Amino acid sequence: MNSNTLIETTKIFVKKELVEAEGGHDWFHIERVYNNAMLIAKGETVNTGIVALAALLHDIADSKFYGGDDTIGPKKARKFLFEQNVDSIIIEHVIKIIENISYSFNIGNTTNFNSIELQVVQDADRLDALGAIGIARAFNYGGFKNRAIYNPDIKPNLNLTKAEYKASTAPTINHFYGKLLLLKDKMNTVSGKKIAEKRHDYMVAFLRQFFAECDGER
């Protein structure tokens with residue numbers, strides 16, 4: 001199977017797997033991350049095939065929808081790639097990216113694995129948590145989990161452990177302070193950092209307006 005056919009086959013597989021997914025983690029999230037990754041990859045020396053596959057498969061089974069089980073996504077991705085007769089070295093690299101990409105995995109965690117391909121896909125995924133899309137996704141997931149939009153009596157925890165982060169039921173606004181506003185300084189690539197700056201500023205402006213309206217500004 002040539003690379004273009006593999007990518008198209010992967011897209012079909014992912015669309016089918018995520019047909020009933022929560023709106024912030026559906027096929028359109030995957031498509032945006034894929035597009036972001038391919039854009040960032042243009043400025044880096046990378047294996048674009050690995051970047052493409054990892055971007056498409058990175059959220060094939062997000063652990064937050066599987067009782068916190070981080071192993072299901074990599075297992076599904078590995079099975080699919082094996083069935084497509086993908087070279088074992090490529091499979092292992094893609095799986096390592098999927099295992100190491102998430103924000104929660106990297107809280108208080110050090111890993112020996114790193115690659116420019118991981119950095120590109122990680123930046124692409126983080127960009128989709130920023131800006132207008134990031135705001136929309138945050139509130140969509142908050143609604144999906146029936147969380148409060150904002151509660152002034154529940155202050156953001158700025159030093160969440162991995163376990164606390166994954167178990168949090170705090171209002172959606174708190175998520176901006178526990179994760180989203182921190183992403184700008186965690187980007188890996190030059191292109192990713194540049195795009196993140198603009199999206200970060202948009203979120204800061206949104207929060208300024210949000211709190212002004214909460215305070216009764218007209």
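Note that the coordinates shown come from a computational prediction; the quantities given were computed from them, not determined experimentally.

1. A few points about helix H1 (residues 3-17)
- Along its 15 residues, H1 runs 21 Å from first to last C-alpha, staying within 8% of the 21 Å computed at 1.5 Å per residue.
- Those residues of H1 that are buried lie in contact with helix H2 (27-41), helix H3 (48-57) and helix H4 (72-83).

2. Here's the deal with the nonpolar core
- Counting residues in hydrophobic clusters, the biggest one holds 55 residues, and the most contacted among them are Val-14, Leu-57, Leu-81, Val-94 and Phe-176.
- Sort the elements by how many residues they give to this core and H3 lands first, with eight residues.
- Among residues more than four places away in sequence, those in contact with Leu-81 are Leu-53, Leu-57, Val-86, Ile-91 and Val-94.

3. Focus on unusual backbone geometry
- A positive phi angle, near 60°, is found at Asn-85, a position not held by glycine.
- As for its placement among the helices and strands, Asn-85 is situated in the loop between H4 and helix H5 (88-100).
- A relative accessible area of 71% places Asn-85 in the exposed class.
- Phi is positive for Asn-146, which is not a glycine, with a value near 55°.
- Note on placement: Asn-146 falls in the loop between helix H7 (131-144) and helix H8 (162-167).
- Its relative accessible area of 70% is what places Asn-146 among the exposed residues.

4. Description of the packing of aromatic side chains
- This structure, assessed with the given rule, holds 11 aromatic pairs.
- Note on Tyr-150 and Phe-210: the rings are 5.7 Å apart at their centroids and 85° apart in plane angle, and the pair reads as edge-to-face. You can see Tyr-150 sitting in the loop between H7 and H8 and its partner Phe-210 sitting in helix H10 (residues 190-214), a full 60 residues away along the chain.
- On the basis of relative accessible area, Tyr-150 is assigned to the partly exposed category, the value being 32%.
- Each ring, one from Phe-176 and one from Phe-206, has its centre 6.0 Å from the other, and the planes form 25°; the classification is stacked. In this pair, Phe-176 is assigned in helix H9 (residues 172-178) and Phe-206 in helix H10, connecting sequence segments 30 residues apart.
- Residue Phe-176 is classed as buried on the basis of its relative accessible area, which comes to 0%.
- One Lys or Arg, Lys-64, reaches over the ring of Tyr-141 and ends 5.9 Å from the middle of that ring.

5. Observations regarding the environment of Thr-161
- Tracing the backbone through its elements, the reader meets Thr-161 in the loop between H7 and H8.
- Take Thr-161: its relative accessible area is 39%, and that puts it in the partly exposed class.
- Sequence separation between Thr-161 and Ser-3 is 158 residues, and the spatial gap between their C-alpha atoms is 40 Å.

6. Quick look at the packing of H2 against H3
- Where H2 contacts H3, the axes come no closer than 8 Å and their chain directions differ by 160°. In terms of their interaxial angle, H2 and H3 are classed as roughly antiparallel. Of the two elements, H2 crosses H3, and the hand of that crossing is right-handed. Listed contacts from H3 to Trp-27, Ile-30, Val-33, Tyr-34, Ala-37, Met-38 and Ala-41 of H2 are Thr-48, Val-51, Ala-52, Ala-55 and Leu-56.
- Looking at the contact of H2 with H3 residue by residue, the class counts come to 11 nonpolar, one polar and no charged.

7. Description of the pattern of salt bridges
- For the structure on display, the rule yields eight salt bridges.
- A salt bridge links Lys-76 to Glu-17; the nearest nitrogen and oxygen atoms lie 3.1 Å apart. Taken together, the residues Lys-76 in helix H4 and Glu-17 in helix H1 connect sequence positions 59 residues apart.
- In this structure Glu-17 comes out as partly exposed when scored by relative accessible area, which is 35%.
- In this structure, Arg-137 engages Asp-128 in a salt bridge whose closest nitrogen and oxygen atoms are separated by 3.6 Å. Neither Arg-137 nor Asp-128 differs from the other in exposure class; each is buried.
- Via salt bridges that share partners, Arg-32, Asp-128 and Arg-137 belong to a single interconnected network.

Calculation rules
Residues numbered from 1 in each chain as written. Predicted model: local features only at pLDDT ≥ 70, side-chain atom pairs only at ≥ 80, totals over all residues. Heavy atoms only, no water. Helix = DSSP H or I, 4+ residues; strand = E, 2+ residues; numbered from the N terminus. Expected span 1.5 Å × (residues − 1). Contact = heavy atoms within 4.5 Å. Core = buried A, V, L, I, M, F, W, Y, C linked by side-chain atoms within 4.5 Å. Buried < 20%, exposed > 50% of the residue type's maximum accessible area, 1.4 Å probe, protein only. Phe/Tyr/Trp six-rings, centres within 6.5 Å; stacked < 30°, edge-to-face > 60°. Lys NZ or Arg CZ within 6 Å of the ring centre and 35° of its normal. Axes fitted to C-alpha atoms, helices over the stretch in contact; angles between N-to-C directions. Parallel < 35°, antiparallel > 145°, perpendicular 65-115°, else oblique. Left-handed = near helix turned anticlockwise from the far one by under 90°. Nonpolar A, V, L, I, M, F, W, Y, C, P; charged D, E, K, R; others polar. Salt bridge = Lys/Arg side-chain N within 4 Å of Asp/Glu carboxyl O.

Such coordinate-based values are descriptive only and should not be taken to indicate function.
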